[in-house]
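Fold and contact review
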Amino acid sequence: PIDFSLFYFTSEMGGEPRDRYRLLLEGAKFADENGFAAVWTPERHFHSFGGLYSNPSVASAALATITRRIGLRAGSVVSPLHHPVRLAEEWALVDNLSGGRVGLSFASGWQANDFVLAPERFADRKRLMFEDIATVRRLWRGEEISLRNGDGKEVNVRIFPTPIQKDLPVWVTAAANPETFRQAGECGANVLTHLLGQKFDDVAEKIRIYRQARAAAGWEGPGTVTLMLHTYVGERPDEVKATVRDPMCRYLGTSLELIRNAPFAFPTFKV
């Protein structure tokens, strides 16, 4: 079966400031009432491309108060920028506000400028992401972990509020690197991917790698693959193309500076 969701990655540029989040709020209410599976919001920093979404937990907390049934998902949370305990706490709160509807896709990050928030974690960010996934899962299940406090002593901590969901639904954001798909399968996560810089056959092969690794690791079921896809629905292809061409070009144009400054780090090439 195929589920449909709404995914927001709006440029901050243009429009009336008071209306910046109107589409997010009204779209979420529409999706909630019309059988959509989830609303996804990303994490972006220090740039207009996606710049309305600096914190997906804050966005999802707002959506939790105006929706009843739809899933509220981070697509993605850049976990190396955050302490995993803080991530677990924030999303446990949103899980309570929503009655148990949250899910997280974890990303390692790719923009060096974002890591002014945690510069020491940039070089090893992918390994740290998978460690963060394991830690957040443990905390979510109510386990304690040992950490050093302000006095230099080891103390055991657990998160509050207790989440509604027993287990946190987890995705891994993956693009060009088949190894990321394999690791996602091994840890039993779902996968969030896209078609930027990838052909359908490329994605199909990576999904095969993911599901083969997932089965070999003993996880039940094939896992969920979520595909980000720019979409505009209309009756005639020529009218659709004429309608979306200029807005889409302007939107993608806001990302060009990021790609020029870090071409080999952009997710199309390396994540």
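The structure contained in this document is the topic of the report that follows. Numbering of residues starts from 1 in each chain and follows the order in which that chain's sequence is written. This being a predicted model, a pLDDT of at least 70 is required before a residue's local features are given, and a value of 80 or more before pairs of side-chain atoms are given or counted; all residues contribute to the totals for chains, interfaces and linings. Side-chain numbers here rest on the full set of heavy atoms in the structure, without hydrogens or water.

Structural notes on the overall build of the protein
Our working rule: The helix and strand labels rest on DSSP assignments: H or I over at least four residues marks a helix, E over at least two residues marks a strand, and numbering proceeds from the N terminus. The buried label goes to any residue with under 20% of its type's maximum accessible area, the exposed label to any with over 50%, and the partly exposed label to all in between, with areas taken from a 1.4 Å probe on protein chains only. Computed with a 1.4 Å probe, the accessible areas rest on the Shrake-Rupley method; for each residue, only the protein chains presented here act as cover. Neither His nor the chain ends contribute to the count of charged residues, in which Lys and Arg are positive and Asp and Glu negative. Lys charges are placed at NZ, Arg charges at CZ, Asp charges at CG and Glu charges at CD.
Within the protein, the secondary structure is distributed over 8 helices and 9 strands. Its C-alpha atoms give the protein principal-axis dimensions of roughly 65 × 40 × 40 Å. Split into buried and exposed, the 271 residues of the protein put 45% on the buried side. Carbon and sulfur atoms make up 55% of the accessible area of the protein, which totals about 14,900 Å². Across the protein, 33 positive and 32 negative side-chain charges occur, with their mean positions spaced 2 Å apart.

Structural notes on the sheet that holds strand β7 (residues 170–173)
Definition in use: Only strands joined by at least two bridges in the DSSP assignment are considered to pair.
In space, the 7 strands of this open sheet follow the order β1-β2-β3-β4-β7-β8-β9, with parallel pairing throughout. Both edges of this open sheet fall to β1 (6–7) and β9 (225–228), since each of them pairs with a single strand only. By the bridge criterion, 4 bridges tie strand β2 (residues 38–41) to strand β3 (residues 71–78) in an arrangement that is parallel. Each residue of the ladder has a partner; that of Thr41, found in β3, is Ala74.

Some points on the packing of aromatic side chains
Condition: Stacked, tilted and edge-to-face are the three classes applied to pairs of Phe, Tyr and Trp rings, where Trp contributes its six-membered ring and a pair requires centres within 6.5 Å; stacked means planes under 30 degrees apart, edge-to-face means over 60, and tilted covers the rest.
All told, the structure shown has 5 aromatic pairs when counted by the stated rule. On the basis of an interplanar angle of 85° and a centroid distance of 5.2 Å, the ring pair of Trp40 and Trp171 is categorised as edge-to-face. Of the two residues, Trp40 is situated in strand β2 and Trp171 in strand β7; the sequence distance between them amounts to 131 residues. For Trp40, a relative accessible area of 1% corresponds to the buried category. On the basis of relative accessible area, Trp171 is assigned to the buried category, the value being 4%.

Observations regarding the nonpolar core
Rules: As used in this record, nonpolar core signifies buried Ala, Val, Leu, Ile, Met, Phe, Trp, Tyr and Cys residues forming a set joined through side-chain atoms within 4.5 Å. The criterion used for residue contact is that any of the two residues' heavy atoms lie within 4.5 Å.
By size, the foremost hydrophobic cluster in this structure holds 29 residues, and its most contacted members are Trp91, Leu104, Phe106, Ile133, Leu168 and Val172. When contributions to this core are tallied by element, the ones reaching two or more residues are β3, α3 (84–98), β4 (102–107), α4 (125–140), β7 and α5 (178–186). The residues touching Trp91, leaving out its near neighbours within four places in the chain, are Pro56, Ser57, Ser60, Leu72, Ala74, Val102, Leu104 and Trp140.

Observations concerning the pattern of salt bridges
Spelled out, the test is: One side-chain nitrogen of Lys or Arg within 4 Å of one carboxyl oxygen of Asp or Glu is enough to make a salt bridge.
Inspection of the entire model under this criterion finds 15 salt bridges. For the salt bridge of Glu89 with Arg86, the shortest nitrogen-to-oxygen distance reads 3.2 Å. Placement of the pair is Glu89 and Arg86 together in helix α3, with a separation of 3 residues, close to one helical turn. For Glu89, a relative accessible area of 27% translates into the label partly exposed. Residue classification places Arg86 among the partly exposed positions, given a relative accessible area of 49%. With a shortest N-O distance of 3.4 Å, Glu143 and Arg141 are connected by a salt bridge.

Let's talk about the side chain of Asp132
Just so we agree on the cut-off: As used in this structure description, the phrase polar contact means that two N or O atoms lie within 3.5 Å; if the pair is within protein, one of them must be able to donate a hydrogen and the other to accept it, and residues adjacent in sequence are counted only when both atoms belong to side chains.
Mapping Asp132 onto the fold places it in helix α4. Within the structure, the side chain of Asp132 is placed 3.0 Å from the side chain of Ser79, a separation counted as a polar contact. Ignoring any residue separated from it by four or fewer positions in sequence, one finds Asp132 in contact with Ser79, Pro80, Pro84 and Arg121.

Observations concerning α3
Side chains of residues three or four places apart in an α-helix project in the same direction, reflecting 3.6 residues per turn. Note the cut-off: Take the number of residues in a helix, subtract one, and multiply by 1.5 Å to get its expected span.
With 15 residues, α3 ought to run about 21 Å at 1.5 Å a step, and its terminal C-alpha atoms sit 21 Å apart, in line with that. On the buried face of α3, the contacting elements are α2 (56–64), β3, β4, α4 and β5 (145–148). The first or second residue beyond α3 is Gly99, which carries a positive phi of 75°.

Concerning α2
Note the cut-off: Working note: the arc is built from the helix axis to C-beta atom directions.
Every buried residue of α2 is listed here: Pro56, Ser57, Ala59, Ser60, Leu63 and Ala64. The buried residues of α2 occupy an angular sector of 160° when the element is viewed end-on, so they sit on one face. The inward-facing, buried residues of α2 abut α1 (22–33), β2, β3 and α3.

So, the side chain of Arg101
Within the secondary structure, Arg101 is located in the loop between α3 and β4. A distance of 2.8 Å separates a polar side-chain atom of Arg101 from the backbone oxygen of Ile70. With residues near it in sequence (within four places) discarded, Arg101 still touches Ala64, Thr67, Arg68, Arg69, Ile70, Gly71, Leu72, Asp95 and Gln165.

A closer look at the packing of α2 against α3
Going by this rule: All axes are obtained by fitting lines to C-alpha atoms, using only the stretch in contact for helices, and the reported angles, taken between N-to-C directions, cover 0 to 180 degrees. In these notes the angle categories are as follows: under 35 degrees is roughly parallel, over 145 is roughly antiparallel, 65 to 115 is roughly perpendicular, and the rest is oblique. Each residue receives one of three labels: charged for Asp, Glu, Lys and Arg, nonpolar for Ala, Val, Leu, Ile, Met, Phe, Trp, Tyr, Cys and Pro, and polar for the others, Gly being one of them.
Where α2 meets α3, the closest approach of the two axes is 9 Å, and the angle between their N-to-C directions is 10°. Of the possible angle classes, the one that applies to α2 and α3 is roughly parallel. Along its contact with α2, which presents Pro56, Ser57, Ser60, Ala61 and Ala64, the element α3 presents Glu90, Trp91, Val94, Leu97 and Ser98. Looking at the contact of α2 with α3 residue by residue, the classes come out as 6 nonpolar, 3 polar and 1 charged.

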